[in-house]
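For reference, the chains in residue letters:
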Amino acid sequence: MPSLFGDVITSFMNVPRAFDPRSTEADVVVSGVPFDLACSGRAGTRMGPNAIRQATANLIWEGKRWPWDFALEERLKVVDAGNLDYAYGEPESLVDNLESHAGRWLAAGKKMLTLGGDHYISLPLLRAHAREHGPLALIHFDAHTDTYEQGTRFDHGTIFHHALKEGLVVPEHSLQIGIRTSYDRHNHPYEVLDADWVNDHGPKAVLEKIRARVGHHPAYVTLDIDGLDPAFAPGTGTPVCGGLSTDLMLKVIRGLVGMELVGMDIVEVNPAYDHGDITSLAAATLGLEFLYVLAAGKAGQA
């Protein structure tokens, strides 16, 4: 086990590196997407993937992670494919390369945990996942709905408008959780559990809503770190007060065991605005929790 103080963590949880889906028997691949050319707030999320990986140095010592009764590697094989290559400054290159990258791993039967980067990366990821699994249920944690029709072609605030128009998601099976910014409430295609409702009702009620809405439909989880309150995640481009706690979000993620989860991304970590790495640590912990959910589901433990 690497020392927390001596060795540099170069992969998520120090898992093996792998770049060819055909060369590994892994169940899940972790990928980084250092892209922030579609953000409308503070730039810097291109540094997010490596910061999240580094934060896992605080998690690898635990072995059997609380509250689970098994160690991750006992049930799930995970590899890290490093950061996506694309022509920096050219968003079109990002889209083409990310769709191709995801398509290769998904075609090989792997699931994906993808580290952003700004939230725009979810759109090419959804395209690749929908080609493999069909239109998806969306479980979306965020302060913003990201369904705005205005904006440029590459805009992290319009992605779920475009995903709906392209038929990538099934709105009647989708939810947006933690929302606390304006949207058209009378014409909105997704069910919204706003931050006030979530904080007032707690994780058990949130999970009841998720399971009722998603059912047995293949589901993709997208987690914008600004879904957390800035007290728990200051290192992000568009912080909004009144958000969720890390504890609440962990309990909701943990409660997804047994659902048909096909992939997850964690986006909008901006290390330049972080304090004591708490945002990176929150993202790393939530990503690790998702892997434990997959491992528990694989073992048939709901």
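Residues numbered from 1 in each chain as written. Predicted model: local features only at pLDDT ≥ 70, side-chain atom pairs only at ≥ 80, totals over all residues. Heavy atoms only, no water.

As recorded in an unreviewed UniProt entry, the protein chain goes by the name Agmatinase, listed as coming from Vreelandella malpeensis.

**Student:** It is not clear to me how the packing of helix α2 (residues 91-107) against helix α3 (residues 122-133) should be interpreted in this structure. Could you clarify?
**Tutor:** When two helices pack together, you describe them by how their axes are tilted relative to each other and by the distance separating the axes. The contact between α2 and α3 brings their axes to 8 Å, and the two run at 35°. The interaxial crossing formed by α2 with α3 has right-handed handedness. Note on element contacts: α3 touches α2 through P124, L125, R127, A128, H129, R131, E132 and H133, opposite L94, V95, L98, E99, A102, G103, L106 and A107. Among the residues forming the contact of α2 with α3, the class breakdown is nine nonpolar, three polar and four charged. (Axes fitted to C-alpha atoms, helices over the stretch in contact; angles between N-to-C directions. Helix = DSSP H or I, 4+ residues; strand = E, 2+ residues; numbered from the N terminus. Left-handed = near helix turned anticlockwise from the far one by under 90°. Contact = heavy atoms within 4.5 Å. Nonpolar A, V, L, I, M, F, W, Y, C, P; charged D, E, K, R; others polar.)

**Student:** Help me understand the environment of D196 in this model?
**Tutor:** Within the element layout of this structure, D196 appears in helix α5 (residues 195-214). The sequence separation of D196 and G243 amounts to 47 residues, and the corresponding C-alpha distance is 8.1 Å.

**Student:** I'm lost on the environment of W105 in this one. Help?
**Tutor:** For W105, the location among the structural elements is in helix α2. You can call W105 buried: its relative accessible area is 1%. Considered as a pair, W105 and A128 are 23 residues apart in the sequence and their alpha carbons are 9.8 Å apart. With near-sequence residues (within four places) excluded, W105 lies in contact with A18, F19, D20, P21, T24, V29, V79, A81 and K110. (Buried < 20%, exposed > 50% of the residue type's maximum accessible area, 1.4 Å probe, protein only.)

**Student:** For this particular structure, what's the right way to read unusual backbone geometry?
**Tutor:** What is expected of a backbone is that most residues other than glycine have negative phi and most peptide bonds are trans. Along the chain, W66 connects to P67 via a cis peptide bond; the corresponding omega equals 5°. On the secondary structure map, P67 appears in the loop between α1 (48-55) and β2 (78-83). Residue G117 is bonded to the preceding G116 through a cis peptide linkage, with omega at 15°. Checked against the element boundaries, G117 lands in the loop between β3 (111-116) and α3. The phi dihedral of M13 falls on the positive side, at around 60°, and the residue is not glycine. If you trace the backbone, M13 turns up in the segment before β1 (28-33). Taking the relative accessible area as the measure of exposure, M13 reaches 17% and is therefore buried. Although it is not a glycine, E268 sits at a positive phi angle of roughly 75°. Along the chain, the position of E268 falls in the loop between β8 (261-267) and α7 (278-298).

**Student:** Looking at this model, I keep getting lost on the environment of L261. Mind explaining?
**Tutor:** Within the secondary structure layout, L261 lies in strand β8. Measuring from C-alpha to C-alpha, the distance between L261 and A128 comes to 15 Å, with 133 residues separating the pair along the chain. If near-sequence neighbours (up to four positions away) are discounted, L261 is found in contact with K111, I139, A219, V221, L256, F290, V293 and L294.

**Student:** I would appreciate a short explanation of the nonpolar core in the present structure.
**Tutor:** Proteins that are soluble and globular tend to have nonpolar side chains buried together. Counting 61 residues, the largest nonpolar core has L113, I139, I177, I210, L256 and L261 as the members making the most contacts within it. For this core, the element with the most residues is α7, which contributes 12 residues. Once residues lying within four places of it in the same chain are set aside, the contact partners of I139 are L175, I177, I210, V214, A219, Y220, V221, T222, L256, M259 and L261. Counting residues in each nonpolar core, the second largest holds 34 residues, with A81, M112, L123 and V267 among its members. (Core = buried A, V, L, I, M, F, W, Y, C linked by side-chain atoms within 4.5 Å.)

**Student:** Please clarify how the packing of helix α6 (residues 246-254) against α7 should be interpreted in this entry.
**Tutor:** In contact at an axis separation of 9 Å, α6 and α7 are set at 20° when each is read in the N-to-C sense. By the angle between their directions, the pair α6 and α7 is classed as roughly parallel. Every pair of crossing elements has a handedness; the one defined by α6 and α7 is right-handed. Every residue of α7 that contacts α6 at T246, M249, L250, I253 and R254 is listed here: A282, T285, L286, E289, F290 and V293. Taken together, the residues that form the contact of α6 with α7 break down as seven nonpolar, two polar and two charged. (Parallel < 35°, antiparallel > 145°, perpendicular 65-115°, else oblique.)

**Student:** Honestly, the pairing of strand β4 (residues 137-141) in this entry has me stumped. Any pointers?
**Tutor:** Every regular strand shows the same layout, with side chains that alternate between the two sheet faces. For β4, the tally of buried residues reaches five of five residues, placing the bulk of the element in the interior. Residues A137, I139 and F141 point to one face of β4 and L138 and H140 to the other, with burial holding for every one of them. Here β4 runs beside strand β7 (residues 219-224); their pairing, made up of five bridges, is parallel. Pairing of A137 across the sheet is with A219, part of β7. Two strands pair when backbone bridges link them, and β4 and strand β5 (residues 175-179) are joined in this way by three bridges, in the parallel orientation. Pairing of I139 across the sheet is with L175, part of β5. (Pairing = 2+ DSSP bridges.)

**Student:** It is not clear to me how the sheet that holds β3 should be interpreted in this structure. Could you clarify?
**Tutor:** Two pairing modes exist for strands in a sheet, parallel and antiparallel, and in both the strands are linked by backbone hydrogen bonds. The eight strands are arranged β2-β1-β3-β8-β7-β4-β5-β6 in an open sheet whose pairing can be described as parallel. Two strands close off the open sheet at either side, each with one partner strand: β2 and β6 (191-194). Taken pair by pair, the neighbouring strands of this sheet meet at an average axis angle of 15°, ignoring direction. Bridge count between β5 and β6: four bridges; the pairing is parallel.

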